[in-house]
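Below are the chains, spelled out letter by letter.
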Amino acid sequence: MAPYPLPMASPLLPLVMAPVAFAAVLAFIVRPRSVRIPIKGRHVFISGGSSGIGLALARLAATEGARVSILARSAARLQEARDAIRLATGVDVAIFSADVRDADAVANAMEEAGPVDVLVCNHGVFTPQELEKQDLEEVRFMVEINLMGIFHLIKAALPAMKQRAKATGLPASIAIMSSQAGQVGVYGYTAYSASKFALRGLAEALQHEVIAHNIHVSMIFPPDTDTPGFAEEHKRRPDLTNIIAGSSGGMKADDVAKKALNGIKSSRFIVPCNFEGSMLSIATAGLSPQSSFFTALAEVLGAGFMRFMGLCFQWNWFSLIEKWHSKKKNM
Amino acid sequence: MASPFFLFLLLLPFAILLLVLAAIVRPRPVRIPLKGRHVLVTGGSSGIGLALALRAAAEGARVSILARDPSRLQDARDAIRLATGVDVAILAADVRDPEAVARALGAADPVDVLVCNHGVFLPQELERQSLEDVRFMVEVNLMGTFHLIKAALPAMKQRAKESGLPGSVAIMSSQAGQVGVYGYAAYSASKFGLRGLAEALQHEVIADNIHITLVFPPDTDTPGLAEEHKRRPEITKLIAGSQGCMKADDVAKKALNGIKSGQFVVACNFEGYLLYVATVGLSPQRSCLMAFVEILGVGFMRFVGLCYQWSWFTSIEKWHAKTKSG
């Protein structure tokens, strides 16, 4: 018989119940609900698929049994990519040549390719420079390709994707390759960050619009990645951008592709590619949807500390900028 | 007798945090005077822009307003003269045209405070929206702002150097630039883009004593909003309809105060404040007190944000179920 309530338990009980209750609420509210998006035997369409991350994605998807199409501007590079993938995997990918800036060309290519199950808007260009020095043509180049180009792809693919998802009963995916520069804007990246930040606004709204059609949006946020595009970009980087961004770890295209594909298959809205990226994603989670209970928990618990880390980063960056300028003045 | 000691122990980490923040917050705080200085407001012939121009003129600034339509510009000038006795300069240009913008800014005096306030918004599901409409919003809201900054920046830097006074580039975003919701793919894209621009730009112009401010108003009672409301998809109304509406003059007041204190992010009402903390990301913060609030609040705000998304996705689900059976 224990007629008396245990005196020690009472103050502890709410202390234990509160976080458990909180976790239960969190598990209940995370939306959209998590789904598995199969790619075996399904049509995966990758823009910017003839080199860099796109090529790595195409190879990986082909290896996993997907039916792959790649889109890019240069027919020659597309053929090289097709040969490379055939050599590596034995699989033939379909190739489509179009400039994503041309809405009609994109629509034609999409029609030729047939209904898409997984649309990977991976193409992108980046030329870092101080806005004051940068030509407006270059700014426009980045916005046209990185932002409008993706609008063109989605507009062209969406109707058939909806049909397809309905007919097969399988979830589809629209994956968008962003960048860590789409999570924080730093020196030299006004136009590039603008184009990449914009993709997030697009993605958040789009997810609301297509969820009822069983289409799931994923955004991938790679760091500097070892690609031909990156080699080009590095030559042009302003000093200060190198000093600020140089500390960020670089990744191999294959590793980014692996993380990207895993994120797409688990229908994650935000897909970071490395540890730094995960931290950055927690810091910049904002009001993005989150389908994973565990990630939601990490975000809620970690956001405060990540904000502090972010402020430390900004302190570091502004100090570097200050030092660089005073050094220049003294020269 | 033990309690004050425990209280001290409890508050100590917070006090230490505040002290550390006071040391590290960047950029450093700044006051940006408006009196007697040249304030250029784009989209200044109506809505929030007109309210901004009125306020700035009333505070003794030398104001120019830029818009497309010369007759609306003249109406605005008359209205401001009537209300404040001050004459503002008017500049007619379409922000989509970089040459027209460069000409207009070249003809005007060097700018001290550039307020990129113009904007258009056409809500519609991306699947239904024409690419022309998408392009319209990106061209006006995003490229237009690039055009203005490119045109104004060189003279602004000169001016800030000569006068020794801080300059400001203020950009009117929107709560749709903090979270994307149903019907706003193109609009949110254009407004999110402005944040990437602003964060990078602050790094680039801080050494020239120019300070960036991003303003995030909610739905504001303007002619623009009346137009937009007619076109809103039902689901957008369900989701965004609950948001309170603000008066243009109140938004202008908040915006101008934020510009004068060099705040990077300016929220306009309580809801906006919560949204700003939730989406603060890696934005710079000059105030150690605000930084402190952000650190303590952002975790809970993430939770609140997830609740909002739950509510929105549930509304969307219900609406579709109703439409199917309806």
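Data block above holds the structure.
To start, this report covers the structure provided alongside it. For clarity, every value in this text was computed on a predicted model and none was experimentally measured.

The rules behind each value
- Residues numbered from 1 in each chain as written.
- Chains lettered and ligands numbered in written order.
- Predicted model: local features only at pLDDT ≥ 70, side-chain atom pairs only at ≥ 80, totals over all residues.
- Heavy atoms only, no water.
- Salt bridge = Lys/Arg side-chain N within 4 Å of Asp/Glu carboxyl O.
- Helix = DSSP H or I, 4+ residues; strand = E, 2+ residues; numbered from the N terminus.
- Buried < 20%, exposed > 50% of the residue type's maximum accessible area, 1.4 Å probe, protein only.
- Pairing = 2+ DSSP bridges.
- Axes fitted to C-alpha atoms, helices over the stretch in contact; angles between N-to-C directions.
- Contact = heavy atoms within 4.5 Å.
- Buried area = accessible area lost by both parts, 1.4 Å probe.
- Polar contact = N/O pair within 3.5 Å; in protein donor to acceptor, adjacent residues only side chain to side chain.
- Nonpolar A, V, L, I, M, F, W, Y, C, P; charged D, E, K, R; others polar.
- Parallel < 35°, antiparallel > 145°, perpendicular 65-115°, else oblique.
- Left-handed = near helix turned anticlockwise from the far one by under 90°.
- Right-handed = clockwise from strand over helix to strand, strands pointing away.

1. Details of the pattern of salt bridges
Per the counting criterion, the structure on display carries 40 salt bridges over all chains. With a shortest N-O distance of 2.2 Å, lysine 157 of chain B and glutamate 132 of chain A are connected by a salt bridge. Here lysine 157 of chain B is found in helix H5 (residues 131-163), whereas its partner glutamate 132 of chain A is found in the loop between strand E4 (118-121) and helix H5 (136-168) on a different chain. Classification of lysine 157 of chain B by relative accessible area gives buried; the value is 18%.

2. What to know about the sheet that holds strand E1 (residues 38-42) of chain B
Residue and element names in this part refer to chain B. Across the sheet, which stays open at both edges, the 7 strands sit in the order E3-E2-E1-E4-E5-E6-E9 with parallel pairing between neighbours. Edge positions in the sheet fall to strand E3 (89-92) and strand E9 (265-267), since each of these pairs with one other strand and no more. The mean angle between the axes of side-by-side strands here comes to 20°, regardless of whether they run parallel or antiparallel. The pairing of strand E2 (residues 62-67) with E3 spans 4 bridges and is parallel. Across the sheet, serine 64 pairs through a bridge with alanine 89, a residue of E3. This element, H5, spans E1, E2, strand E4 (113-116), strand E5 (167-172) and strand E6 (210-216) of the sheet and lies at about 170° to E4. The strands touched by helix H6 (residues 185-205) within the sheet are E5, E6 and E9, with E6 carrying the most contacts at an inclination of about 160°.

3. A closer look at the side chain of arginine 195 of chain B
In this structure, arginine 195 of chain B sits in helix H6. What makes arginine 195 of chain B buried here is its relative accessible area of 7%. Beyond its immediate sequence surroundings of up to four residues, arginine 195 of chain B is in contact with Phe197 of chain A together with Gln178, Leu214, Phe216, Val265, Thr279, Val280 and Ser283 of chain B.

4. Some details on the interface of chain A and chain B
The interface of chain A with chain B comprises 82 residues on the first partner and 82 residues on the second. Approximately 6,900 Å² of surface area, both sides summed, lies buried where chain A meets chain B, with 70% of it carried by carbon and sulfur atoms. Per-residue buried area on chain A facing chain B is highest for His208, Leu287 and Arg307 of chain A; these three make up 13% of the total on that side. The tally of links from chain A across to chain B stands at 8 salt bridges. Summed over the shared surface of chain A and chain B, the result is 30 residue pairs in polar contact (both at pLDDT 80 or more). Per element, the largest residue contribution to the side of chain A that touches chain B is 18 residues, and it comes from helix H11 (residues 293-330) of chain A. Of the residues that constitute the side of chain A that touches chain B, the class distribution is 47 nonpolar, 20 polar and 15 charged.

5. Quick word on the packing of H11 of chain A against helix H1 (residues 3-24) of chain B
Angle between the axes and distance between the axes: these two values describe a pair of packed helices. Contact pair H11 of chain A / H1 of chain B: the axes reach a minimum separation of 10 Å and the direction vectors enclose 30°. If you check the angle between H11 of chain A and H1 of chain B, you find them roughly parallel. H11 of chain A and H1 of chain B meet at a crossing whose hand is left-handed. Taking contact as the criterion, the partners of Phe308, Leu311, Cys312 and Trp315 of chain A in H11 of chain A are, on H1 of chain B, Leu17, Val20, Leu21, Ala23 and Ile24 of chain B. Here the residues of the contact of H11 of chain A with H1 of chain B sort into 9 nonpolar, no polar and no charged.

6. What about the pairing of E6 of chain B?
All names here are of chain B. Of all 7 residues making up E6, 7 are buried, and the element is well covered by its neighbours. Burial along E6 is two-sided: Ile210, Ile212, Leu214 and Phe216 and His211, Thr213 and Val215, pointing in opposite directions, are all buried. Of the strand pairs in this sheet, E5 and E6 are connected by 6 bridges, and their pairing is parallel. Pairing of valine 169 across the sheet is with isoleucine 212, part of E6. Chirality of the crossover, the property in question, places the unit of E5, H6 and E6 among those that are right-handed. Looking at chain direction, E6 and E9 are connected through 3 bridges and run parallel. For phenylalanine 216, the partnering residue across the bridge sits in E9 and is alanine 267.

7. Description of the packing of H5 of chain B against H6 of chain B
Residues and elements named next belong to chain B. Between H5 and H6, the shortest axis-to-axis distance is 8 Å and the interhelical angle comes to 20°. Classified by the interaxial angle, the pair formed by H5 and H6 is roughly parallel. Taken as a pair, H5 and H6 cross one another with a handedness that is right-handed. Along its contact with H5, which presents Val134, Met137, Val138, Asn141, Leu142, Thr145, Phe146, Ile149 and Leu153, the element H6 presents Ala186, Tyr187, Ser190, Lys191, Gly193, Leu194, Leu197, Leu201 and Val205. The residue makeup of the contact of H5 with H6, split by class, is 13 nonpolar, 4 polar and 1 charged.

Everything listed is a geometric property; what it means functionally is a separate question.
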